[in-house]
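Descriptive analysis of the structure
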Amino acid sequence: MRFERLWLFAYLAGIVALGYIHDIRVIGALLLLLVALGGRRRWLLLRRAVAALLLFNVTVTLAYFLAHRFFGFPEAALLLINLRALAMTLMTFTLVSRINMARALAFSRTLSLLYTLCVSQIIAFIRSYAAFSEGLRSRNAGRQRGTRLHALLAQLYYFMYKTLSLSQENAMGMRSRGVMDD
C-alpha cells in the first residue's frame, strides 16, 4: 500500500513541477525518463499519450500559431506547451499502468468513493459503447452512406443525456451521505 501511495504522491509532485519548468531541454529529458519508466509497455504508453493529446494539441497549436503570426507570441511557447502536455499525459498513463489506484487512494475514504464512482461510470460507458457498436454492425452488414454518422450522433446524444442524469443521481447520493454539503 505504501508503494502505491508513494507513486501517487510522486506523480502529483511531478505534475506540479512540470507546471513550473520552462526549459524545453529539461522537459525533453523528463519525457525520456518517463519513456524509460514505462518498461516493456513504453511505446504503447507513448502512442496512447500522443493519440489522447492529438485533438487537444491540434487546436491549441493552431491557436498559438495564429497568436504568433498576429501578435508575436514566442515560438518556443508552442513547443513548451506541447511537450508539457505530452509529459503530463505520459506521466498519467505510466502511473495508471504501474499502480492499483484503489489501493493508492485507500488513505482517504472520500477519494476512494470518488474513484469507485468514476470507475463504475467508465465501465458503464464502455459497455454501452460496445452495445451500440455491435448493434450497428448487426443492423448494417454493408456500408451505407450516412448510417455511421447517424449512429454516432445518436451515441453522442445518449452519452450526454446519460452523463447528466448519472451525475445528478450521484450528486444526490453523495449529498445524502454527507460527502458534499452545498
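Report follows, based on the coordinates. Here the residue index of a chain counts from 1 through its sequence in written order. Where local features are concerned, this predicted model is filtered to residues with pLDDT of at least 70; where side-chain atom pairs are given and counted, the filter is 80 or more; whole-chain, interface and lining totals use all residues. Only hydrogens and water are set aside; all other atoms, that is, all heavy atoms of the structure, feed into the side-chain values.

Time to look at the overall build of the chain. Tallying secondary structure elements over the chain gives seven helices and zero strands in all. Secondary structure is summarised from DSSP: a helix means a run of H or I of at least four residues, a strand means a run of E of at least two, and numbering begins at the N terminus for each. Mapped in sequence order, the helices and strands of the chain form the string α-α-α-α-α-α-α. Oriented by its inertia axes, the alpha-carbon framework of the chain measures out at about 50 × 50 × 40 Å. Accessible surface computed for the chain: about 13,200 Å², of which carbon and sulfur atoms make up 66%. The convention is simple: Lys and Arg are positive, Asp and Glu are negative, and His and the chain ends are not counted. The location of each charge is read from NZ of Lys, CZ of Arg, CG of Asp or CD of Glu. In the chain, 22 positive and 7 negative side-chain charges are present, and the distance between their average locations comes to 11 Å. The Shrake-Rupley method, run with a 1.4 Å probe sphere, supplies the accessible areas, and residue values consider only the shown protein chains as cover.

For the rest of this paragraph, the subject is the nonpolar core. Counting 23 residues, the largest nonpolar core has Leu 8, Ile 27, Leu 31, Ala 87, Leu 90, Leu 95 and Met 101 as its most contacted members. Going through the elements one at a time, helix H1 (2-20), helix H2 (24-37), helix H3 (42-71), helix H4 (75-98) and helix H5 (101-104) are the ones with two or more residues in this core. Here, residues are in contact when the closest pair of their heavy atoms is within 4.5 Å. Setting aside residues no more than four positions away along its own chain, Leu 90 makes contact with Leu 31, Leu 34, Val 35, Leu 45, Leu 46 and Ala 49. Residue types Ala, Val, Leu, Ile, Met, Phe, Trp, Tyr and Cys, when buried and joined through side-chain atoms within 4.5 Å, form a set referred to as a nonpolar core. Between buried and exposed lies partly exposed: a residue is buried under 20% and exposed over 50% of the maximum accessible area for its type, with that area taken using a 1.4 Å probe on protein chains only.

A few words on the pattern of salt bridges. Salt bridge criterion: a side-chain nitrogen from Lys or Arg within 4 Å of a carboxyl oxygen from Asp or Glu. Under the definition given, this model contains two salt bridges. With a shortest N-O distance of 3.5 Å, Arg 103 and Glu 4 are connected by a salt bridge. Placement of the pair is Arg 103 in helix H5 and Glu 4 in helix H1, with a sequence separation of 99 residues. The exposure class assigned to Arg 103 is partly exposed, which follows from its relative accessible area of 42%. For Glu 4, a relative accessible area of 8% gives the class buried. Between Asp 23 and Arg 25 there is a salt bridge whose closest N-O contact spans 3.2 Å.

Moving on, we come to the packing of aromatic side chains. Aromatic pairing here means that ring centres of Phe, Tyr or Trp (its six-membered ring) are within 6.5 Å. Orientation follows from the plane angle: under 30 degrees is stacked, over 60 is edge-to-face, and everything else is tilted. Inspection of the entire model under this criterion finds six aromatic pairs. When the centroid spacing of 5.1 Å and the interplanar angle of 70° are considered together, the rings of Phe 132 and Tyr 158 count as edge-to-face. Placement of the pair is Phe 132 in helix H6 (residues 109-139) and Tyr 158 in helix H7 (residues 147-176), with a sequence separation of 26 residues. One aromatic cluster is present, formed by Phe 125, Phe 132, Tyr 158 and Phe 159 through successive ring pairs.

With that settled, the discussion passes to the packing of H6 against H7. Note on geometry: axes are C-alpha line fits, over the in-contact stretch for helices, and angles between N-to-C directions span 0 to 180 degrees. In contact at an axis separation of 11 Å, H6 and H7 are set at 155° when each is read in the N-to-C sense. One element, H6, and the other, H7, form an angle in the roughly antiparallel class. Two packed elements cross with a definite hand, and for H6 against H7 that hand is right-handed. Contact residues: Leu 114, Leu 117, Gln 121, Phe 125, Ser 128, Tyr 129, Phe 132, Ser 133 and Leu 136 in H6; Thr 147, Arg 148, Ala 151, Gln 155, Tyr 158, Phe 159, Lys 162, Thr 163, Leu 166, Asn 170 and Met 174 in H7. Class assignment of the residues belonging to the contact of H6 with H7 gives a composition of eleven nonpolar, seven polar and two charged. When describing relative orientation, an angle under 35 degrees is termed roughly parallel and one over 145 degrees roughly antiparallel, while 65 to 115 degrees is termed roughly perpendicular and anything else oblique. Should the near helix be turned anticlockwise from the far one by less than a right angle, the crossing is termed left-handed; should it be turned clockwise, right-handed. Gly is put with the polar residues, along with every residue not named as nonpolar or charged; the nonpolar set is Ala, Val, Leu, Ile, Met, Phe, Trp, Tyr, Cys and Pro, and the charged set is Asp, Glu, Lys and Arg.

Among the structural elements, Met 101 can be located in helix H5. Beyond its immediate sequence surroundings of up to four residues, Met 101 is in contact with Leu 8, Leu 95 and Tyr 115.

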